[in-house]
Every structure is written in structure tokens, then in C-alpha cells.
Amino acid sequence: MSRDAPGIVLRDGRSVLGYGQVAGSLLLVFPLFLAYELGLLLTPASNGVDFTSRVIFNAVERNPQSYLLVHLAMAAVFLLLLHTLYRRGILELDRAWPVILESCIYALTLGSFIIFVMDRFLGLELLAIGGAKLGNALVVSLGAGVHEEMVFRLGIMGIGGLVLSRVFGRSGPAVLIAAIVSAAAFALAHHVGAAGEALELSLLVYRFIAGLAFAAIFYYRSLAHAVYSHFLYDFYVMGMAQ
């Protein structure tokens, strides 16, 4: 059993996809995904890299009742899966709380660390990040934690790193390159499209460093740690900005 694997019996060791198994992380992340999906029914907020809800909305012909039923069915299947894994001794629910508590620590300290680096080493001053109404902030933060980590860390860094590891023949350079690329893509994604923010160097650098931090959390801890840290961090920042 992996000592640090989140919530489920997993392999030991670390790969390009991080420490612990992705399947265990996905189990912990699913409640956040479900909360975000349902939150879309209550607020106008959404995440820029969220493609899942759009597909579901279109599949149910943008009918809110049908959309709700689809997610209630997902929740029922998820609970049945948890029950089955628990009965078989595969799932250890008490190991979820340490992941969440550890992620809280990352979320509360990450912003101060990045600002310290920017101020002391780069000579950059961060402009204020806008806040949002509490309900909108919660949904936006959930979407950021789930979808951005799935796209930039699991997708670009994880899968991209696996491909690069075949090219280099070892994971070290692959992980480094994939982390940098994922962090750069993460930073730039906030400044593209109709809803993107104006390109500002300090914000770009801030988000690039944040992307590297989430990449480190993903690699050295797990996907679940990265998702929860990102969600809690965004919610904390937007709440403070109010």
C-alpha cells in the first residue's frame, strides 16, 4: 500500500503522473467536479477550460432538469462505487482528510510565497486580483481546481511528460520540460479569448510561478492534492479580494 496515496490502495513510487495513482485522486476529486457542475445551474460563472459541462448541456438540449438528472445519476453511481470499494477493503475513506488538510496549508501559504519570490528576486509588484460574489467565487474556484488541473497538470504535464519520457529515455528531463510547458500554458490561458484578462507582466509571472507550484504539488504529492490546493487557493484569494 502506498503510504501517501490518497484514499485507495495504490502502487508505491513516483512516475511522471505523480506520487500515488491517478484513480485514487479522481475519486477524491469527483465531489468537487459534481459541486461545480451543479453550481453552474445557480450562477453565471464557469471555467474557461471546462468542456465537460458544455457537452452535457448540449446532449440534454440545454434542459436544466435533464442536466440535473444526469448529475444525480452520476452521484448515485459514484456512491455505489465508493460503497463497493469500501466493502472490498480497497477504499480507505479516512485517508481523504489528510489530503484536504495538507491542501489547505498549501492554499494558505502559496500566495505569500509567490509574492515573496516576485518582490525579492524579480522586482515585480503584483496588481490586485479581482474578487467576486461568494457564490460565483465558489463555483469559479471549483471549476479552476478541477478543470485546470485536469487540463494543465494531468493532461499537459502528466501525459505530455509520459510522451517526452519515451523520447529522452528517462523521466527527469521530461518532468521538468512538461512542468514548464504546463505552467506557461496555464498562465497564458488566463489572457486569451474574449473573457481573457489584459496581458500584464506581473500577473503573467505570478500565474506562471503558481503553475510551477501546482506542478510540484501534482508530481511530489498527487493530482488530488493539486486540485484541492488550487480550488482552496482560488477561493481564498477571491474571498480576500472582496
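Here, the structure is the one placed above.
Caption draft 1: View of the pattern of salt bridges. Summed over the entire model, instances satisfying the criterion amount to three salt bridges. Among the salt bridges present, the one from R221 reaches E102, with a minimum N-O distance of 2.7 Å. Here R221 is found in the loop between α7 (201-220) and α8 (223-241), whereas its partner E102 is found in helix α4 (residues 96-122), with 119 residues between them in sequence. R221 gets classed as buried once you look at its relative accessible area, which sits at 17%. Take E102: its relative accessible area is 18%, and that puts it in the buried class. In this structure, the salt-bridge partner of R120 is D119, at a minimum N-O distance of 3.9 Å. On the basis of relative accessibility, which here comes to 59%, the residue R120 falls in the exposed class. Accessibility expressed as a relative area gives 48% for D119, which makes it partly exposed.

Caption draft 2: Local environment of the packing of helix α1 (residues 22-39) against helix α3 (residues 64-87). Put simply, α1 and α3 touch, their axes get as near as 11 Å, and they point 165 degrees apart. Taken together, the axes of α1 and α3 are roughly antiparallel relative to one another. Helix-helix and strand crossings are classified by hand; for α1 and α3 the assignment is left-handed. Where α1 abuts α3, its residues L27, F30, P31, F33, L34, E37 and L38 lie against Y67, L68, H71, M74, A75, F78, L81, L82 and L85. Residue composition of the contact of α1 with α3, grouped by class: 14 nonpolar, one polar and one charged.

Caption draft 3: Layout of the packing of aromatic side chains. This model, assessed by the stated rule, comprises nine aromatic pairs. Relative to F121, the ring of F116 has its centre 6.0 Å away and its plane inclined at 80 degrees; by these criteria the two rings are edge-to-face. Between the aromatic rings of F186 and F214, the centroid separation amounts to 6.3 Å while the plane-to-plane angle is 85 degrees, which identifies the pairing as edge-to-face. You can see F186 sitting in helix α6 (residues 171-189) and its partner F214 sitting in helix α7, a full 28 residues away along the chain. Here F186 matches F214 in class, with each residue buried. An aromatic cluster is defined as three or more aromatic residues linked by ring pairs; in this entry it consists of F152, F186, F214 and Y233. The ring of F57 has R62 sitting right over it, with the charged end atom 5.2 Å from the ring centre. The ring of F186 has R153 lying over it, and the distance from NZ or CZ to the ring centre is 4.8 Å.

Reading guide: rules and limits
- Residues numbered from 1 in each chain as written.
- Predicted model: local features only at pLDDT ≥ 70, side-chain atom pairs only at ≥ 80, totals over all residues.
- Heavy atoms only, no water.
- Salt bridge = Lys/Arg side-chain N within 4 Å of Asp/Glu carboxyl O.
- Helix = DSSP H or I, 4+ residues; strand = E, 2+ residues; numbered from the N terminus.
- Buried < 20%, exposed > 50% of the residue type's maximum accessible area, 1.4 Å probe, protein only.
- Axes fitted to C-alpha atoms, helices over the stretch in contact; angles between N-to-C directions.
- Parallel < 35°, antiparallel > 145°, perpendicular 65-115°, else oblique.
- Left-handed = near helix turned anticlockwise from the far one by under 90°.
- Contact = heavy atoms within 4.5 Å.
- Nonpolar A, V, L, I, M, F, W, Y, C, P; charged D, E, K, R; others polar.
- Phe/Tyr/Trp six-rings, centres within 6.5 Å; stacked < 30°, edge-to-face > 60°.
- Lys NZ or Arg CZ within 6 Å of the ring centre and 35° of its normal.

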